Amino acid sequence: AQKVTQAQTEISVVEKEDVTLDCVYETRDTTYYLFWYKQPPSGELVFLIRRNSFDEQNEISGRYSWNFQKSTSSFNFTITASQVVDSAVYFCALSEARWGRDDKIIFGKGTRLHILP
Amino acid sequence: DSGVTQTPKHLITATGQRVTLRCSPRSGDLSVYWYQQSLDQGLQFLIQYYNGEERAKGNILERFSAQQFPDLHSELNLSSLELGDSALYFCASSASAGTDNTGELFFGEGSRLTVL
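Residues numbered from 1 in each chain as written. Chains lettered and ligands numbered in written order. Predicted model: local features only at pLDDT ≥ 70, side-chain atom pairs only at ≥ 80, totals over all residues. Heavy atoms only, no water.

1. Points about the packing of aromatic side chains
- Under the criterion given, the structure shown has 19 aromatic pairs over all chains.
- Aromatic side chains Tyr25 of chain A and Tyr32 of chain A sit 5.1 Å apart centroid to centroid with 50 degrees between the ring planes, which places their arrangement in the tilted category. Residues Tyr25 of chain A and Tyr32 of chain A agree in their burial class; the two are buried.
- Geometrically, the ring pair formed by Phe90 of chain B and Phe107 of chain B is edge-to-face, given 6.0 Å between the ring centres and 90 degrees between the ring planes. Residue Phe90 of chain B is located in strand 9 (residues 87–94), and its partner Phe107 of chain B is located in strand 10 (residues 106–107); the two are separated by 17 residues in the primary sequence. Taken as a pair, Phe90 of chain B and Phe107 of chain B share a single burial class, namely buried.
- Pairwise contacts between aromatic rings join Phe35, Tyr37, Phe47, Phe91 and Phe107 of chain A together with Tyr35, Phe45, Phe90 and Phe107 of chain B into one cluster.
- Positioned above the aromatic ring of Phe106 of chain B, the side-chain terminus of Arg26 of chain B is 3.5 Å from the ring centre. (Phe/Tyr/Trp six-rings, centres within 6.5 Å; stacked < 30°, edge-to-face > 60°. Buried < 20%, exposed > 50% of the residue type's maximum accessible area, 1.4 Å probe, protein only. Helix = DSSP H or I, 4+ residues; strand = E, 2+ residues; numbered from the N terminus. Lys NZ or Arg CZ within 6 Å of the ring centre and 35° of its normal.)

2. Comments concerning the environment of Ala88 of chain A
Residue and element names in this part refer to chain A.
- One can find Ala88 in strand 10 (residues 88–96).
- Separated by 32 residues in sequence, Ala88 and Glu56 have C-alpha atoms that sit 26 Å apart.
- Dropping the residues within four chain positions of it, Ala88 is found in contact with Lys38, Gln39, Pro40, Thr111, Arg112 and Leu113. (Contact = heavy atoms within 4.5 Å.)

3. So, unusual backbone geometry
- Note that the residue after Thr7 of chain B, namely Pro8 of chain B, is joined by a cis bond; omega there is -10 degrees.
- Inspection of the secondary structure puts Pro8 of chain B in the loop between strand 1 (5–7) and strand 2 (10–13).
- With phi around 50 degrees, Ala81 of chain A is a residue other than glycine that occupies positive phi space.
- Within the fold, Ala81 of chain A resides in the loop between strand 9 (74–79) and strand 10.
- A residue is classified by how much of its surface remains accessible, and Ala81 of chain A, at 32% relative accessible area, is partly exposed.
- Phi at Leu72 of chain B is positive, roughly 80 degrees, even though this residue is not glycine.
- You can see Leu72 of chain B is positioned in the loop between strand 7 (64–68) and strand 8 (74–78).

4. Quick word on the pattern of salt bridges
- Summed over the entire model, instances satisfying the criterion amount to seven salt bridges over all chains.
- Its salt-bridge partner being Glu59 of chain A, residue Arg51 of chain A comes within 2.3 Å of it at the nearest N-O pair.
- On the basis of relative accessible area, Glu59 of chain A is assigned to the partly exposed category, the value being 31%.
- Across the pair Arg63 of chain B and Asp85 of chain B runs a salt bridge, and its minimum N-O distance is 2.8 Å. Separated by 22 residues along the polypeptide, Arg63 of chain B in the loop between strand 6 (53–57) and strand 7 and Asp85 of chain B in the loop between strand 8 and strand 9 bring together distant segments of the chain. (Salt bridge = Lys/Arg side-chain N within 4 Å of Asp/Glu carboxyl O.)

5. Description of the sheet that holds strand 8 of chain B
Residue and element names in this part refer to chain B.
- Taken in spatial order, the four strands line up as 1-3-8-7 in an open sheet, and their pairing is antiparallel. Each end of this open sheet is capped by a strand with a single partner; those strands are strand 1 and strand 7. Averaged over all adjacent pairs, the angle separating strand axes in this sheet is 15 degrees, with direction ignored.
- In the sheet, strand 3 (residues 19–24) pairs with strand 8 via five bridges, with the strands oriented antiparallel. Following the sheet pairing, Cys23 is matched in strand 8 by Ser74. (Pairing = 2+ DSSP bridges. Axes fitted to C-alpha atoms, helices over the stretch in contact; angles between N-to-C directions.)

6. Remarks on the nonpolar core
- Core analysis: the largest hydrophobic core is formed by 23 residues, its most contacted members being Trp36, Phe75, Phe77 and Tyr90 of chain A.
- Residue assignment for this core shows that the elements contributing at least two residues are strand 2 (10–14), strand 3 (19–21), strand 5 (32–39), strand 8 (64–69), strand 9, strand 10 and strand 12 (111–116) of chain A.
- At four residues, strand 10 of chain A tops the list of elements feeding residues into this core.
- Beyond its immediate stretch of four places on either side in the chain, Tyr90 of chain A contacts Gln6, Leu21, Trp36, Tyr37, Lys38, Leu48, Tyr64, Phe77, Ile79, Gly110, Thr111 and Leu113 of chain A.
- Judged by nonpolar contacts, the second largest core, of 21 residues, contains Val19, Ile60, Phe64 and Leu81 of chain B. (Core = buried A, V, L, I, M, F, W, Y, C linked by side-chain atoms within 4.5 Å.)

This is how it looks when you write it as structure tokens:
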């Protein structure tokens, strides 16, 4: 069965510090997809990134970077030089690519990130 | 704006009652997903429909049911409501049946249900 664990329930850092959000996943499939979503205080869920299981290259998008390591079943998310606007709940998610069968996306419980001015 | 519309945005009702939450997916999206977000449980997957047919089922209670209509909008019916059903219910849509496209889910703003 698929499972996503975000062990950090809540993190607080001072603005401009770097912060890493951890995500560990479990799946029996060799083909799967990992995601990060952001939920700001306004409540909507915003897609950040999708990574398939065959692509272990790290990705950087501005101040955001993602580190995917299959060996440790982790897909960690780092925010560099954090800003107050980064304050949100961040969800890691997993989907097993069943191509037309059970292909639900399972979310972790989220990490609430507070960026203090 | 994700293009996914959910109504109502807020709903207050009493225990034992029944409510219907409605979702209109993005234009052209065939898949609709329902998620429940409560304070201590994060985002719980309830059910997915693809082009009118149930595709995947999560921990959806028997008191809850859903369907997707020919025009692709979906409804989530919650009956015999209990206090613990108070939560934010999200609908999401995607173009395909899961992840054979970008895998990105587009979420609505949610329907906040309060059961008193």
